[in-house]
Amino acid sequence: MMRAVSADLSSCLVPDELWELVAPSLPSFAARPQGGGTAPRDERAVFTAVVYVLTSGCVWRHLPPTFARPAHANRQS
């Protein structure tokens, strides 16, 4: 389960205007008919983690605990 990114941090890194531009570009989640695969994640939280890594210079394994586990955010990017 992904941890929730605090609303203040999320709105600072990814304002609503930016999210409205980015969201349509992200692929939608399609369940596989045979089951399995990657479970859907909160796309905005994952995108916020990506923005944090790109703007801070942080490496994935040092992603603060308020974000998704590094493996989740890195796979979704």
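Residues numbered from 1 in each chain as written. Predicted model: local features only at pLDDT ≥ 70, side-chain atom pairs only at ≥ 80, totals over all residues. Heavy atoms only, no water.

Caption draft 1: Looking closely at the overall build of the protein. The helix and strand tally for the protein stands at four helices and zero strands. Ordered by position in the sequence, the α and β elements of the protein form the string α-α-α-α. Here the protein holds 77 residues, and the buried ones make up 27% of them. For the protein, the accessible surface area stands at approximately 5300 Å², while carbon and sulfur atoms represent 57% of it. (Helix = DSSP H or I, 4+ residues; strand = E, 2+ residues; numbered from the N terminus. Buried < 20%, exposed > 50% of the residue type's maximum accessible area, 1.4 Å probe, protein only. Areas by Shrake-Rupley, 256 points an atom, 1.4 Å probe, with all protein chains shown as cover.)

Caption draft 2: View of the packing of aromatic side chains. Counted by the stated rule, this structure contains one aromatic pair. When the centroid spacing of 6.0 Å and the interplanar angle of 50° are considered together, the rings of Trp19 and Phe47 count as tilted. One end of the pair, Trp19, is in helix α2 (residues 16-22); the other, Phe47, is in helix α3 (residues 43-56), and 28 residues separate them in sequence. There is no split in this pair, since Trp19 and Phe47 are both buried. (Phe/Tyr/Trp six-rings, centres within 6.5 Å; stacked < 30°, edge-to-face > 60°.)

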